[in-house]
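# Coordinates in review
One-letter residues, chain by chain:
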Amino acid sequence: MLKAPTMLLSRRALIASSLLLASFAVLAAPKLARKPAAQVLPRYGMLVFSDLCISPENGEFGGQRITLQRFAEVDTVLYEYTAGGLSWPVVASEVVIDPRGRQFYFTVQPPDEEERTIRGTLSDDGKALVLDGSYCNDPKVPMKLARVTDFGRAAGTCRVCPAPKNPPPAEAEPAQPQPEPQPSLPPQPLQKIEAGRTTASL
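Predicted, not measured: the structure shown is a model, and the values here were computed from it.

## Observations regarding the state of the cysteines
Taken as a whole and judged by the stated rule, the model has one disulfide. Shown here is the disulfide that connects C53 with C158, its sulfur atoms set 2.0 Å apart. Between C53 and C158 the disulfide shows an S-S torsion of about 95°. By sign, it is right-handed. Highlighted residues: C53 in strand β2 (residues 53–54) and C158 in the loop between β12 (156–157) and β13 (190–194), separated in sequence by 105 residues. A relative accessible area of 13% places C53 in the buried class.

## Remarks on the pairing of strand β8 (residues 103–108)
Note: strand β7 (residues 94–97) against β8, four bridges, orientation antiparallel. From the neighbouring strand, I97 faces β8, where its bridge partner is F104. The antiparallel hairpin formed by β7 and β8 contains five residues in its connecting segment, where G101 sits at a positive phi of about 75°. In this structure, β8 lies alongside strand β9 (residues 116–122), joined through six bridges in antiparallel fashion. Directly across from T107, in β9, lies its bridge partner T117.

## Re the pattern of salt bridges
Per the stated rule, a full pass over the model turns up six salt bridges. Residue E80 pairs with R65 through a salt bridge whose shortest N-O separation is 2.9 Å. A residue pair is termed long-range when its members are at least 10 positions apart, and E80 in strand β5 (residues 75–81) and R65 in strand β4 (residues 64–70) qualify at 15 residues. Overall, E80 belongs to the buried group, its relative accessible area being 10%. Looking at R65, the relative accessible area reads 25%, which means it is partly exposed. In this structure, the salt-bridge partner of D98 is R100, at a minimum N-O distance of 3.3 Å. Residues participating in the shared-partner salt-bridge network are R43, R70 and D75.

## Focus on the layout of surface pockets
In this structure, the largest pocket encloses a volume near 750 Å³. Lining the largest pocket are 31 residues; nearest its centre among them are D51, L52, C53, G62 and G63. Ranked by the residues each element gives to the lining of the largest pocket, the list is headed by strand β11 (residues 138–147), at six residues. Here the lining of the largest pocket is composed, by residue class, of 17 nonpolar, seven polar and seven charged.

## Regarding the environment of L68
Tracing the backbone through its elements, the reader meets L68 in strand β4. The exposure class of L68 is buried, given its relative accessible area of 0%. Expressed as a C-alpha distance, the spacing of L68 and L41, which sit 27 residues apart in the sequence, is 9.7 Å. Apart from residues no more than four positions distant in its own chain, L68 is found in contact with L41, G45, M46, L47, T76, V77, I97 and F104.

## Section: the sheet that holds β12
Pairing is mixed in the open sheet, where three strands are placed in the order β3-β2-β12. Strands at the two margins of the open sheet, each flanked by one partner only, are β3 (61–62) and β12. Two elements, β2 and β3, share two bridges in a ladder whose sense is antiparallel. Each residue of the ladder has a partner; that of I54, found in β3, is F61.

## Comments concerning the sheet that holds β7
Strand order in the open sheet formed by nine strands is β6-β5-β4-β1-β11-β10-β9-β8-β7, with antiparallel pairing between adjacent strands. Looking at strand neighbours, the two that pair on one side only are β6 (90–91) and β7, the edges of this open sheet.

About the thresholds
Residues numbered from 1 in each chain as written. Predicted model: local features only at pLDDT ≥ 70, side-chain atom pairs only at ≥ 80, totals over all residues. Heavy atoms only, no water. Disulfide = S-S within 2.5 Å. Helix = DSSP H or I, 4+ residues; strand = E, 2+ residues; numbered from the N terminus. Buried < 20%, exposed > 50% of the residue type's maximum accessible area, 1.4 Å probe, protein only. Pairing = 2+ DSSP bridges. Salt bridge = Lys/Arg side-chain N within 4 Å of Asp/Glu carboxyl O. 1 Å grid on protein atoms, 1.4 Å probe; cavity = no way out; pocket = protein on both sides within 12 Å on 5 of 7 lines; lining within 4 Å. Points joined across faces, edges and corners; volume = space filled by probe spheres on them. Nonpolar A, V, L, I, M, F, W, Y, C, P; charged D, E, K, R; others polar. Contact = heavy atoms within 4.5 Å.

Set out below in structure tokens:
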């Protein structure tokens, strides 16, 4: 009569010990290192990226500024550039942001200029926007716009582009036209004068 309760208790003890061993195994297992989530553009809000600076030579503005506004209805971009002075903001006609929020491009048409598309990629730490193209025409130096967090900060000083390492060869001066050679005249026979008359001597 005591066999059934004894078997029931042994099964419960077996299950309990199995669960206990499993919990110890979970606690003892090394935790897998999780990679931090990649920085992405926030779905809503405003971000400003800029490399605006002031030239130490003439005090004029240089660089550009991109303001990205993300609303529930639409994403918009205000683009500002410099040509001696800071331009009026140009509203982008098309803004495309990839689903991960790491890249985007937009199309603008500044006054009296052709339409152009500007592409950028967010840096790994999310603190800069790297545009297609290069700084000072050096492909090794990317065009990087820092994310603006202090909107009251004054623009810094522009970096002067270094002189090219291999300057283009100077253009040769055009050769001066040489005077055309004059045709030589055939030799004239010498004349011999004899007693009042002239004869030709070969």
